[in-house]
Amino acid sequence: MPMVDIDWLREHVELPQDLTYEQLAKDLVRVGLEEEEIHQSQLTGPIVVGYVVDATPEPQKNGKTINWCHIDVGDKYNDVDENGNKVPRGIICGAPNMAAGEKVVVTLPGAVLPGDFRIEPRKTYGHISEGMCASERELGLGDSHAGIILLRDYGFSEEEYENLKPGDDLMHLLHLDQPLLEINVTPDRGYAFSYRGVAREYFDSTGAKFTDPVTELTAQAPESAGTNGDIEVIINDEAPIHGVPGCDRFYARAVRNYVPGSKTPNWMRRRLSRAGMRSLSLPVDVTNYVMLDLGQPLHAYDLDKIEAPIVVRRAKAGEKLTTLDGKERDLSTEDLLITDSPNGEQGSRVLGIAGVMGGLYGEVTAETKNILIEAAHFDQVSIARSARRHKLPSEASRRFERGVDTQLQPAAAQMAADMLVRFGQAEASLTPTDINNVAARPAISFKTSEVARVAGLDLTDDVIVAKLEAVGCKVTDEGNGNLLVEAPTWRPDLTMPCDLVEEVARLVGYDEIPTRVPSAPVEGHVGLTVPQLRKRQIADELAEYGLVEVLTYPFVGDADFKAFQYDAEKVAPVSVQIVNPLAGDRPYLRRSILLTLAQTVQRNIHRGIENVSLYELGHVYLWDPQAPAIPALPGGVRPTDEQIAALNAGLPDQPMHVAGIMTGKAEHDGWLGDARAVDWTDAVEAVHRIADRIGAKIALEQPKADDAPAQWHPGRVAYVVADGKKLGLVGELHPKVNEALGFPAHSAAFELDLTALFETLNNKPVQAKPISTFPPVKQDLAFTVSDDVTAEQLREAIERGAGDMLESIDLFDVFTGEQVGEGMKSLAYAVTFRAADKTLTGDDSEALRERIVAEAAKLGAQLRA
Amino acid sequence: MAEQMSFDAEAVTAAVAEGIEKINHASTMEELKAIKSQYAGAQSAMTMASKAIGGLDKPQKKDAGKLMGKLRADFGRAYGKKEAAVKAAEEAAALAAETVDMTLPVERKPLGARHPLAKLMEDVEDFFVGMGWQISDGPEVETEWFDFDALNFGPDHPARQMQDTFYVKGNQTKDAAGFVGSNMVLRTQTSSDQVRGLIKNGVPLYIACPGRVFRTDELDATHTPVFHQIEALAVDKGLTMADLKGVLDKLAVAMFGPDAHTRLRPSYFPFTEPSAELDLWFPDKKGGPGWLEWGGCGMVNPNVLRSAGLDPDEYTGFAFGVGVERTLLLRSDINDMHDLVEGDVRFSEQFVMGE
């Protein structure tokens, strides 16, 4: 994002002499230019002027010649000899341009240069060097490292140079101590990517005197010589995007007899360098400087290499271009190109992708004498797509895709030409080519009452008009609060009345808007929905049961599939896959929370935490390879119901799940005794607590070992069933899973589809049964039954037999062993009967007992004596 | 000797006095019972004397009866008093023997913990429910239309490229700019629920949408690729930025205490115009109260209302979004995002069931 240098900004708007970067940031943020960062100076002094008293060349064995110099750095920093006299410091310098009589930049011990480079006295080449003469690069001022900075060449006037005294503080003179404000420019404010724009915003914020530099430059620019001025230009866009021409203005101006190798003045290099741009050559530096200053990207061509006419056209299928960065690019027929016409073949040679990046041919070089400056206006969408397609976001494309001022081109070329004349002894032509097809923008009909209707600000029409004019709008009052507003050419974002409301509101200040709390209409359902409440209850229940809630990233990959004994080739195709995952090894979204929960359990175990039991409520994502493609639809128009259905049909199912993993001890070990290790019972209890908490009716259905899913212990897993549907699994993880994840043996887990479980709830109030006051009859019944029969099946049989009279049934003993026989088990129940309307007799209870025994017998269960 | 029983008032009085004296010195129930048997049992002087009254003359009988009544009562009172005292002492001793150290840690089955982010989202939901708003949610794998186009981020909008979006593979098609993709993303913002909510429920609409969002930011101290937002949207007749400011101030108070409030700074979002950055005045800020960035907001852009089939000349609306992580980091003085996302139980256990 752009850097703002107070020194530079001052050229367009009056700033207080003592303006700090902190205050500037505050002033700009008020109108919407946010501070990204105030970059503090990366240097610490002392860095001072040094006068080279003598420099003695000393050839070295390695072939290099170094200079042993004595440099006067002023009384404060000079050495003291044995007689107490101040004498110049001895400094070793290897730079070829070191010479006696020069004034140079001396970094003294204690100074810190960029990259935490600390200057200290050091022994080298047989001398003690007490400081260093610095190059541009060492100070972070630019790229040059060919020699040290000679101050006579460094942007000071003759008089200023004469006045430089040894020991003068260069931190200040070279702006080394200056911070820099980086601002954050929102996409609607392309014009703020320039000092011109920032200066206007400063004016909008503070009312400081602002002079638009473009006014004078435009007046200075020569009259257009039509389409065939300095060079013939043809715009031939056969494939405009959305009907918008790719190029609606092309301005080209020649600058001739430039002296090759002319130097960029130091102040300009310093400014470019502070803006993060390398100094390359005067013509390139000038185009960059003008772009930063005014916001108009420019391109400089070697005029002698370009063969007229220049043709602006779309690329042809199969066309290629090697861009300045050396990459060959396949061009799309949507790419807008700047081409020229060698051998009379119009548009046959590609010079660059318009507004994005130039090609290798036609650029200015060290030999260039005659320069053609291109200042054009390109369609935002066309540039944005080309930059996106070729992954080439450039300083130019960043500005074009946000919208460049459509009337800025002559002024920008004028400024560039002026600089090439001044610093490169060139001659600017007076016959620029200008193709101006910029369509007039419709004026916005604006009711002043919109300001109150949308912003809630009560302003007079006069204030509203004044604010609109302050941002550069032309306002025509049509009476009755109706305005006709023409937005300024640098504000392509102002198209609707609400855009103007924002301009007025931000200039008046959002603080002026009153405060009011709206009352929502109390109609229909109020409060949380039933699923929202149930979700909270489950989250609370599991925490109360002792588990810790986590929220894991939903990303999984082959390693997770493998640890959980999934076949990646089967799971991946039904998993949602990310095109650009952060971690290449986890490109999928989970189908089961257990996979990502396990990663978190592992992390805790690795951190030395024992007895980790975690749960998560979250979504899983089920990709259907047969899902229909999702259509692209325009915004700003409500899709038809069919179109909305088509949008949703392409999305994966994303049900809400809850899952838990429990490891280690089920309770705390302590002085009360040793705790029990976690096993399947803990997970089963968790599942029952969930169901009981929300009033769900669930049952467990245990698969045969051969049919058990591979993630689970084949003998210790059950489906959780509600309403006849399998909604989840509970049990112990398969020993292989525990081993792969480093979990203790018998770690238990569960996962339920809550979206489906909630659908089984009727959400009606509980219908209470009357409470009988007649006495109960209690009986203990123990059955011997085959191992194949589950406790659940036997319980259901007892319930069927007992019918209405059954009050409660509790399993109080389970055992296997010799007494009951091979493949058999004994289950003992305490059963309580009670009638609603009478005291049960001995005969009654005997009859109930017989009915129960008969039902149990259907499962092969025998009542034990 | 039995038939020769004579009534000796002096002797029986002395015997009872001796018994009472022994009672007074007894300290256990065994002693007491032995004393009772000795001085009030069948063979005791008191019982004998009572039996001997029968052989006395009538006038003497009366005096003797009176005397025996008094002696019995004295003995009984002394016994009862001592019995109560001894029983109390024995009970106290028994309970003393059962004394435990009540400060021993008892944690057979301690509470687990809610994740503070999840709990904070519930608190924010409750804030909106308290104002009569609905809580709504939408899918995390979302169509580009709901995440971008419907919100006035056209396919060529610079802001769309600035969203650091996770794109989802799917059945290939072309987007409106001609780029090939699935038109499906991991939603970059809970704003994707805005047009869903409007189309599903119509107007007037007052909804808050808490949920997970995704951006391609690497995890570091201040960023996480998976995070949570709460989006608020109100669309009705007559809503202005004043209503937006009112709700924001209320939410600030609910989250950060009675001295908190908010301020708006001009900004830009495609789906709001005017748009603003939302700053929070945070009274408990480390180093003294001050302003902090909290979220984004604005008046619903007319193009968004049009995406939902509404007439922007008739309806206005406001929307805002705040980051749940950011809110929690501020409230609980958490300095590193890693703590929020890593799921280390020691982090959540500090919050137990609340936040």
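The model shown is predicted, which means the values in this text are computed figures rather than measured ones.

*Asks:* How should I be thinking about the overall build of chain A in this particular structure?
*Replies:* Within chain A one finds 24 helices and 42 strands. Taken along the three principal axes of its C-alpha coordinates, chain A extends 125 × 85 × 60 Å. Every one of the 865 residues in chain A was classed for burial, and the buried ones make up 43%. When contacts within chain A are restricted to residue pairs at least 6 apart in sequence, those whose partners lie at least 24 apart make up 70%.

*Asks:* Whenever I open this one, the overall build of chain B confuses me. Can you help?
*Replies:* When helices and strands are counted, chain B shows 13 helices and 11 strands. Taken against the 2.2 N^0.38 rule, which gives 20 Å for 355 residues, the C-alpha radius of gyration of chain B at 44 Å runs more than 25% over that of a compact globule. The principal-axis extents of the C-alpha atoms in chain B amount to approximately 135 × 45 × 40 Å. Classification of the 355 residues of chain B by burial places 46% in the buried group.

*Asks:* Would you take a moment to explain the interface of chain A and chain B for this structure?
*Replies:* It is common to give the size of an interface as the accessible area that goes away when the parts come together. Between chain A and chain B, the residue contacts involve 91 residues of the former and 93 residues of the latter. In the side of chain A that touches chain B, the residues fall into 52 nonpolar, 20 polar and 19 charged.

*Asks:* Is there a simple way to think about the confidence of the model for chain B in this case?
*Replies:* Low-pLDDT stretches of the model should not have their predicted coordinates read in fine detail. Summary statistics for chain B give a mean pLDDT of 91 and a share of 97% for residues scoring 70 or more. Here the predicted complex scores 0.83 on pTM and 0.86 on ipTM.

*Asks:* Looking at this structure, how should I read the UniProt feature "binding site: Mg(2+)" (unreviewed entry) in chain B?
*Replies:* What UniProt calls "binding site: Mg(2+)" (unreviewed entry) maps, in this numbering, to Glu273(B). Here Glu273(B) lies in strand 9 (residues 272–282). Residue Glu273(B) is classed as buried on the basis of its 25 C-beta neighbours within 10 Å. Ignoring sequence-local partners within four residues, the contact set of Glu273(B) consists of Cys498(A), Asp499(A), Glu502(A), Gly298(B), Met299(B) and Asn301(B).

*Asks:* I tried to follow the pairing of strand 38 (residues 748–753) of chain A on my own but got confused; where do I start?
*Replies:* It is a general feature of regular strands that their side chains alternate between the two faces of the sheet. Residues and elements named next belong to chain A. Across the six residues of strand 38, five count as buried, placing the element largely inside the fold. Bridge count between strand 34 (residues 656–662) and strand 38: six bridges; the pairing is antiparallel. Paired with Ala 659 across the two strands is Glu 751, which belongs to strand 38. Bridge analysis of strand 37 (residues 725–733) against strand 38 gives five bridges, and the strand direction is antiparallel. Bridging across to strand 38, Val 730 finds its partner in Phe 750.

*Asks:* Explain the domain arrangement of chain B here, please?
*Replies:* Per the domain assignment, the segments of chain B are domain 1 (9–98) and domain 2 (116–350). Relative placement of domain 1 of chain B and domain 2 of chain B: their C-alpha centres are 90 Å apart.

*Asks:* Would you mind going over unusual backbone geometry with me for this structure?
*Replies:* For residues that are not glycine, phi is negative in most cases, and the peptide bond is trans in most cases. Following Ala308(A), the chain continues to Pro309(A) via a peptide bond in cis, the omega torsion being -5°. You can see Pro309(A) is positioned in the loop between strand 17 (298–302) and strand 18 (310–314). The backbone phi angle of Asp333(B) is positive, close to 55°, even though this residue is not glycine. Along the polypeptide, Asp333(B) turns up in the loop between helix 11 (324–332) and helix 12 (337–341). You can call Asp333(B) exposed: it has 10 C-beta atoms within 10 Å.

*Asks:* Explain the packing of helix 6 (residues 213–220) of chain A against helix 11 (residues 409–424) of chain A to me, please; I cannot follow it from the model alone.
*Replies:* Helix-helix packing is characterised by the crossing angle of the two axes and by the distance between the axes. All names here are of chain A. At a minimum axis separation of 8 Å, helix 6 and helix 11 run at an interaxial angle of 80°. With respect to helix 11, the element helix 6 is oriented roughly perpendicular. Facing Val 214, Leu 217, Thr 218 and Gln 220 of helix 6, the residues of helix 11 in contact are Pro 410, Ala 411, Gln 414 and Met 415. The class makeup of the residues in the contact of helix 6 with helix 11 is five nonpolar, three polar and no charged.

*Asks:* I'm lost on the environment of Trp133(B) in this one. Help?
*Replies:* Tracing the chain through its elements places Trp133(B) in the loop between helix 5 (116–130) and strand 1 (134–135). Of the residues examined, Trp133(B) has 22 C-beta atoms within 10 Å and is grouped as buried. In sequence terms Trp133(B) and Gly238(B) are 105 residues apart; their C-alpha atoms lie 17 Å from each other. Leave out the neighbours within four places in its chain, and Trp133(B) touches Ala520(A), Phe128(B), Tyr206(B), Ile207(B) and Ala208(B).

*Asks:* Whenever I open this one, the pairing of strand 24 (residues 371–378) of chain A confuses me. Can you help?
*Replies:* Residue and element names in this part refer to chain A. Extensive coverage of strand 24 is indicated by the burial of eight of its eight residues. Where burial is concerned, the two faces of strand 24 agree: the one with Ile 371, Ile 373, Ala 375 and His 377 and the one with Leu 372, Glu 374, Ala 376 and Phe 378 are both buried. Across five bridges, the pairing between strand 17 and strand 24 is antiparallel. Residue Ala 300 lies in a different strand from strand 24, and its bridge partner there is Ile 373.

*Asks:* Teacher, can you tell me more about the UniProt feature "binding site: Mg(2+)" (unreviewed entry) in chain A here?
*Replies:* UniProt records the feature "binding site: Mg(2+)" (unreviewed entry) at Asp493(A), Asp499(A), Glu502(A) and Glu503(A), using the numbering of this structure. Its 20 C-beta neighbours within 10 Å are what place Asp499(A) among the buried residues. Beyond its immediate stretch of four places on either side in the chain, Asp499(A) contacts Asp493(A), Leu494(A) and Glu273(B). Among the structural elements, Glu502(A) can be located in helix 14 (residues 497–508). If near-sequence neighbours (up to four positions away) are discounted, Glu502(A) is found in contact with Glu273(B), Pro274(B) and Ser275(B).

*Asks:* Please explain the domain arrangement of chain A as it appears in this structure.
*Replies:* By the assigned domains, chain A splits into domain 1 (47–173), domain 2 (217–436), domain 3 (445–512), domain 4 (530–620 + 655–759) and domain 5 (777–863). Averaged C-alpha coordinates put domain 3 of chain A and domain 4 of chain A at centres separated by 58 Å.

*Asks:* How do you make sense of the sheet that holds strand 18 of chain A when you look at a structure like this?
*Replies:* Two orientations exist for strands paired in a sheet by backbone hydrogen bonds: parallel and antiparallel. Residues and elements named next belong to chain A. Spatial ordering of the open sheet is given by 15-18-21-22-23, a layout of five strands whose pairing is mixed. What marks the edges here is a single partner per strand, and that holds for strand 15 (233–236) and strand 23 (357–358). Pairing of strand 15 with strand 18 involves four bridges; the strand directions are parallel. Note on strand 18: the bridge partner recorded for Val 233 is Ile 310.

*Asks:* Please clarify how the packing of helix 1 (residues 9–25) of chain B against helix 4 (residues 58–97) of chain B should be interpreted in this entry.
*Replies:* All names here are of chain B. Put simply, helix 1 and helix 4 touch, their axes get as near as 9 Å, and they point 5° apart. Compared by their axis directions, helix 1 and helix 4 come out roughly parallel. Contacts between helix 1 and helix 4 involve Ala 9, Val 12, Thr 13, Val 16, Gly 19, Ile 20, Ile 23 and Asn 24 from the first element and Ala 64, Leu 67, Leu 71, Asp 74, Phe 75, Ala 78, Tyr 79 and Lys 82 from the second.

*Asks:* What's the story with the nonpolar core in this structure? I'm lost.
*Replies:* Soluble globular proteins: nonpolar side chains tend toward being buried together. By size, the foremost hydrophobic cluster in this structure holds 254 residues, and its most contacted members are Ile373(A), Ala412(A), Ala416(A) and Phe318(B). Those residues in contact with Ile373(A) that sit more than four places away from it in its chain are Ala252(A), Arg253(A), Val255(A), Leu298(A), Ala300(A), Ala413(A), Ala416(A) and Ala417(A). Judged by nonpolar contacts, the second largest core, of 35 residues, contains Leu43(A), Ile47(A), Met132(A) and Leu176(A).

*Asks:* What is the right way to look at the sheet that holds strand 39 (residues 777–786) of chain A in this model?
*Replies:* All names here are of chain A. Here we have four strands laid out as an open sheet, ordered 40-41-39-42, and antiparallel in their pairing. Strand pairing shows two members of the sheet lacking a second neighbour, strand 40 (806–815) and strand 42 (862–863), which therefore form its edges. Bridge count between strand 39 and strand 41 (residues 824–833): 10 bridges; the pairing is antiparallel. In the sheet register, Gln 779 faces strand 41, and the bridge partner there is Val 831. Contacts from helix 24 (residues 842–857) reach strand 39, strand 41 and strand 42 within the one sheet, and its direction differs from that of strand 39 by about 15°.

*Asks:* Just to check I follow, could you spell out the environment of Gly261(A) for this structure?
*Replies:* With respect to the helices and strands, the residue Gly261(A) is situated in the loop between strand 16 (247–256) and helix 7 (266–274). Note on Gly261(A): 11 C-beta atoms within 10 Å, which makes it exposed.

*Asks:* It is not clear to me how the environment of Pro770(A) should be interpreted in this structure. Could you clarify?
*Replies:* Relative to the helices and strands, Pro770(A) is located in the loop between helix 22 (754–759) and strand 39. Along the chain, Pro770(A) and Gly147(A) lie 623 residues apart, while their C-alpha atoms are 101 Å from each other.

Basis of the calculations
- Here the residue numbering is sequential within each chain, running from 1 through the sequence in written order.
- Chains and ligands are labelled sequentially in the order written, the chains with letters from A and the ligands with numbers from 1.
- In keeping with the predicted nature of the model, local features appear solely for residues at pLDDT of at least 70, side-chain atom pairs appear and are counted solely at 80 or more, and the whole-chain, interface and lining totals rest on all residues.
- Note on conventions: DSSP H or I runs of at least 4 residues are helices, E runs of at least 2 residues are strands, and numbering of each starts at the N terminus.
- Buried, partly exposed and exposed are defined by the number of other C-beta atoms within 10 Å of a residue's own C-beta, namely 20 or more, between the two limits, and 12 or fewer respectively, with C-beta atoms placed from the backbone.
- Our contact criterion uses C-beta atoms placed from the backbone: two residues qualify when those atoms are within 7 Å.
- In this description the radius of gyration comes from C-alpha coordinates, and the expected globular size is given by 2.2 Å times residues to the power 0.38.
- Classification used: nonpolar for Ala, Val, Leu, Ile, Met, Phe, Trp, Tyr, Cys and Pro, charged for Asp, Glu, Lys and Arg, polar for all others including Gly.
- As a per-residue measure, pLDDT reflects the predictor's confidence and takes values from 0 up to 100.
- UniProt positions are given in the numbering used here, feature names are shortened, and annotations may be inferred rather than shown by experiment.
- Strand pairing is assigned whenever DSSP identifies at least 2 bridges connecting the two strands.
- A domain assignment, automatic or from a database, supplies the domain bounds used here.
- Every axis corresponds to a line fitted to the C-alpha atoms, with the helix fit spanning only the stretch in contact, and the corresponding angles, defined between N-to-C directions, vary from 0 to 180 degrees.
- For this classification, under 35 degrees means roughly parallel, over 145 means roughly antiparallel, 65 to 115 means roughly perpendicular, and everything else is oblique.
- A set of buried Ala, Val, Leu, Ile, Met, Phe, Trp, Tyr and Cys residues, joined to one another through C-beta atoms within 7 Å, is what we call a nonpolar core.

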